[in-house]
Each structure stands twice: as C-alpha cells, then as structure tokens.
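# Examining the three-dimensional arrangement
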Amino acid sequence: MESSLVELKRRLAEIDDLQRTQLLLAWDTEVWMPPAGERSRGAHLATLETIVHDRQIDDRIGELLDGLEPYASTLPRDADDACLVRAARRSWEKNRRIPTDLAAEIAGAQVESYQTWVKAREEAQFADFRPSLERVLELQRRLIECFAPYDDPYDVLLDDYEEGTKTEDVRVIFAALQPEITALVAEHAGEADQDDFLRGPFAIPPQEALSRELIERFGASWDAFRLDLTVHPFAAAVGLRDIRLTTRYDEDDLNSLFTAMHECGHGLYERGSAASLERTPLQGCSSSSLHESQSRLWENVVGRSLPFWRWLYPRVQTAFPEALADVSLERFHRAVNRPRRGFIRVDADETSYGLHVILRFELEQELLAGRLAVKDLPEAWNARFAELIGLDVPNDTLGVLQDSHWASGLFGYFPTYLLGTVLSVQIWETARAALPDVEEQIERGEFGDLHEWLRENLYALGSRFTPAETIERVVGGPIDPQPYLRYLRQKLNALSGSSV
Ligand code: ZN
C-alpha cells in the first residue's frame, strides 16, 4: 500500500515541478522576454505542455488511484492523503478527456496571441488581433467539445477555475448584484473632473518605495518574493518560497499602490499553503474566486478603509507634496472610494468594478455559444458598455482590447473577480469578528494578526477541499452577495454624509 502512495506522490510532484516551470516561462514571457522571443517561447511551452499532459493522463496514475481509493476512504475527509487522492482523481479524469495535441496547440497558440494582443492594444487596432482571437476561441470550442454532453458550454471552462460552480449559479448572484450596483453608482458617482488631485503628478521612485513597503508590511519577505514590471499586472507562484508579483507605474495616478496590495494578496495566499502540501496538487488555492477574495480583501477592504489611510496618508502626502499638500485625509479617502464612470476595469473603483466584470461575463458566453462573432465583438462591447456604465467607448484600447485574458485563452475566468470581491467581504467580516481590534491595528500600520488569521484559516488549507467546502469552512455558509452590498452601501453613505 505505501509504495503505491509513494509512487503516486512522486508522479504528482514531477507534474507539479513541470507546471511551475511552465509558469516561470509564462512569467518571463510577460516580464523579461524580448518580443522576438515569441516564436521559440511558444515552442518551449507547447513541448512542456505535451510532456505534462502525457504524464497527467498516464494509465499508471489511474491504476495507482484504483488501488489507493479503498485506503483513502478509510481516512478522515480532511487527511492530506484523502484530499490528495480526491484531487488526483478529479484532475486525471478531466485531463484524460483532452487529447495531448490539443493541449499543446492551446499552449503554443496563447503565446502568439498574447504578443499580437500587446501590439494591437498599443495601436488600438482590434482588426490586428482578430485572427489570433478567432484561433484562441476555436481552440476553446474544441476543448469544450471534449466534455460533451454539457448543459452549458460555459460550464466546462468555469469548472477549471471554480470546481462545481455552474454558469447558472453565477448568473443568479450577478442578477442580485447588478441592479444594486447600478443604483449605487447612479447615486454616488463623482463628476469626471472631481478629485483632480488624483491625477498627480506622482513621481515613480516614491511609488515604487511605497509599493514595496506595503508588500513587506502585509507580511511578504523579499527572500521569497519579487516585484517586477509588466503591461498587465499578475502574481505567479513559481514555488512555495518563490512568489513573483508584477505591477506598473504611471505618473498620472496612484493605482500602483492598489495594484501592489492586490498582487500581494494573491502572493500571501500562495505563500501560506501548508508546507506539507508543497509539490502536490494541493499546494495553492482551491478556486480563482478564493484567490481573488484575497487580492480584493487586501486591496479594497483593508487598502481603501479609513483606518488604513489614517496610517498611510501622512507618508503619501509627504512623498507627493505637489499633488497632495493641500488635500486633507478625508478628501483623499473619499476620492479613492468614490464611484466614477471609467473605461478600464483594473482602474475602476470598488463599486463600479462589478459592472465591468458582468459585461465580460455576458460577452464571453455569447462568443462561446457562437451567438456573437469575433468581428462583431468591439461593437457589442461598446453597445453593452454604454448601457451598463453609461459612457461611449472612444477606442479599442479603452474598450475591448484592455484585458489580456482572452488573448491568453482565459475564457471563464472573469466572473471569478466579482465572486472573489463578494467573498472578500464575507471573509473580512469573519476575521473581524475573531479579531475585535483589527481596525485599531490597521490604523497603526500593523497587519500581522490579520495575515496570521487568514493564513491559519484559509491559506494553509491550500486546495484540500472544493471551493464550496473551503468557503463553508472559513465563513460558515455559502457565497452570499448581501454582505458585499451592505458593505458598499454603508461605506458610500458614510462618505456622502461627511463634509467636503
Ligand atoms: Zn487578481
């Protein structure tokens, strides 16, 4: 019995090593690789994907699982070995349905498509990106067909990020959110020229110093973390002690501070997996929305709160006297929370953000179902954007070309941002109940107790359990949009009630 378990663990550890090597190459593609490296990188990633996929679907893994499942069923549900056997069975069954050449083709096509997207976005030319996107979409459709029959083609892709969640579950949650968010934006949105001081100038070196300090204060250490520049910020866990965060700086805004907090939240989650889960499929987090709950918790629930800014604002004001010398803490805090109609999702305020996600969720369902052609996508985007956000999109860089996800084949990912935002408030409220003085600590720039609570109660679990089980364990119930809506209403009412 033991030797089967040892063999399974060795095979799974090798797969994990190869996948993290792929991740390192993907990180490099977006951070350091010269543009002409695209061709060879596509080949590297496609070759690695062939090796990974062949190992994932090896008959031997199935034999080992058949032999181990009777033993695993005698263990407590939360025992590491029981969780490992469950996760390995799920991933083996799923991967067996995908032909290796399709998996490799998808991996290779995404490198080309990402580079094409970068250029098309710079030049606001959707037409240049269209053939790549058509190819990516075609490959996604072929992938979906591997899982026929299905109720909804979108379910197949969503399951990769949110095991067990159905498209219909997401529609129900978003249907509860959309009218409420729309009403809050209508009631509280600022004018375009309001809060002009948020347009800088903000010199880059102090932005970088503050970003790095926030990441440290939240609990990251530089022996296990890096921070680099990219076009579209993200975080990648190359290893349990090798966490790559990325960001971007602009003299015209302070978004980099929120990006640093956001990506740090992702990184802390990855870094917090129990050491016993390292090099297993259980290292890391059980769903993308749970991952996002942590980036949003640190970026928004902590990083846009008044206690947080009572601590940080004097330093930010000193670092950027030209823009902020005459701006009070209250004005600044209101400005970084005020709903504002804007074009860019990643720059959106905490309230209107959800509408940007709902737009993408709707459009990608249409694309995948074949009801919307890629050539008609910009027009569909602009029309729905005007309905949801109330602005006319002036060009594709500010519209359909702004995100890298579709170029990278990440269809089905967008809804996890809003689900994660909803969860961030449920998790925060649970943490605050356990740590009654957490807001006083934040006001002193102390984040250790909060980080430790999250690590113990959430991060350490890794992906031992399904997303729904993990949520139940952490907050004591299912995902629920009401705490998030209540939080937004309270915050916006408090802001409009105060002076200035
Ligand atoms: Zn994120």
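Everything below is about the structure shown above.
Since we're looking at a predicted model, the values are computed, not measured.

## Concerning the overall build of the protein chain
Each helix and strand counted, the protein chain has 21 helices and three strands in total. Against the 2.2 N^0.38 benchmark of 23 Å for 500 residues, the protein chain shows a C-alpha radius of gyration of 23 Å, consistent with a compact globule. Taken over the C-alpha atoms alone, the protein chain extends approximately 70 × 50 × 40 Å along its principal axes. When each of the 500 residues of the protein chain is scored for burial, the buried share is 57%. The long-range fraction of contacts in the protein chain, counting pairs at least 24 apart against all pairs at least 6 apart in sequence, stands at 75%. Total accessible area on the protein chain stands at roughly 20,300 Å², and carbon and sulfur atoms take up 50% of it. Of the side chains in the protein chain, 54 bear a positive and 85 a negative charge, and the two mean positions are spaced by 2 Å.

## Some points on the pattern of salt bridges
Tallied over the entire structure, the rule returns 47 salt bridges. Across the pair arginine 90 and glutamate 163 runs a salt bridge whose closest N-O atoms are separated by 3.3 Å. Taken together, the residues span a long stretch of sequence, with arginine 90 in helix 4 (residues 80-96) and glutamate 163 in the loop between helix 7 (153-161) and helix 8 (167-188) at a distance of 73 residues. Judged by its relative accessible area of 26%, arginine 90 is partly exposed. Look at glutamate 163 and you get partly exposed, because its relative accessible area is 29%. Here arginine 226 ties to aspartate 228 by a salt bridge, and the two come within 2.7 Å at their closest N and O atoms. For arginine 226, a relative accessible area of 38% gives the class partly exposed. Residue aspartate 228 is classed as buried on the basis of its relative accessible area of 7%. Connected through shared salt-bridge partners, Glu7, Arg11, Asp58, Arg60 and Glu63 make up one network.

## A look at the packing of helix 9 (residues 204-218) against helix 12 (residues 306-319)
Packing of helix 9 against helix 12 brings their axes to within 11 Å, and their N-to-C directions diverge by 155°. Here helix 12 runs roughly antiparallel to helix 9, going by the angle between their axes. As helix 9 packs across helix 12, the resulting crossing turns out to be right-handed. Counted together, Pro206, Leu210, Glu213, Leu214, Arg217 and Phe218 of helix 9 and Phe308, Trp311, Leu312, Arg315, Val316 and Ala319 of helix 12 form the full contact between these two elements. For the contact of helix 9 with helix 12, the residue count by class is nine nonpolar, no polar and three charged.

## Comments concerning the state of the cysteines
Enumeration according to the criterion identifies zero disulfides in this entry. Here cysteine 83 is not cross-linked by a disulfide; its sulfur's nearest cysteine counterpart is in cysteine 285, at 15 Å. Cysteine 285 sits in the buried class, given a relative accessible area of 17%.

## Side note on the nonpolar core
Phe308 and Trp309 are the most contacted members of the largest nonpolar core, which totals 150 residues. Excluding residues that lie within four positions of it along the chain, phenylalanine 308 makes contacts with Leu214, Phe218, Met261, Val302, Gly303, Ile442 and Phe447.

Parameters and conventions
Residues numbered from 1 in each chain as written. Predicted model: local features only at pLDDT ≥ 70, side-chain atom pairs only at ≥ 80, totals over all residues. Heavy atoms only, no water. Helix = DSSP H or I, 4+ residues; strand = E, 2+ residues; numbered from the N terminus. Rg over C-alpha atoms; globule rule 2.2 N^0.38 Å. Buried < 20%, exposed > 50% of the residue type's maximum accessible area, 1.4 Å probe, protein only. Contact = heavy atoms within 4.5 Å. Areas by Shrake-Rupley, 256 points an atom, 1.4 Å probe, with all protein chains shown as cover. Lys, Arg positive; Asp, Glu negative; His and termini not counted. Charge placed at Lys NZ, Arg CZ, Asp CG, Glu CD. Salt bridge = Lys/Arg side-chain N within 4 Å of Asp/Glu carboxyl O. Axes fitted to C-alpha atoms, helices over the stretch in contact; angles between N-to-C directions. Parallel < 35°, antiparallel > 145°, perpendicular 65-115°, else oblique. Left-handed = near helix turned anticlockwise from the far one by under 90°. Nonpolar A, V, L, I, M, F, W, Y, C, P; charged D, E, K, R; others polar. Disulfide = S-S within 2.5 Å. Core = buried A, V, L, I, M, F, W, Y, C linked by side-chain atoms within 4.5 Å.

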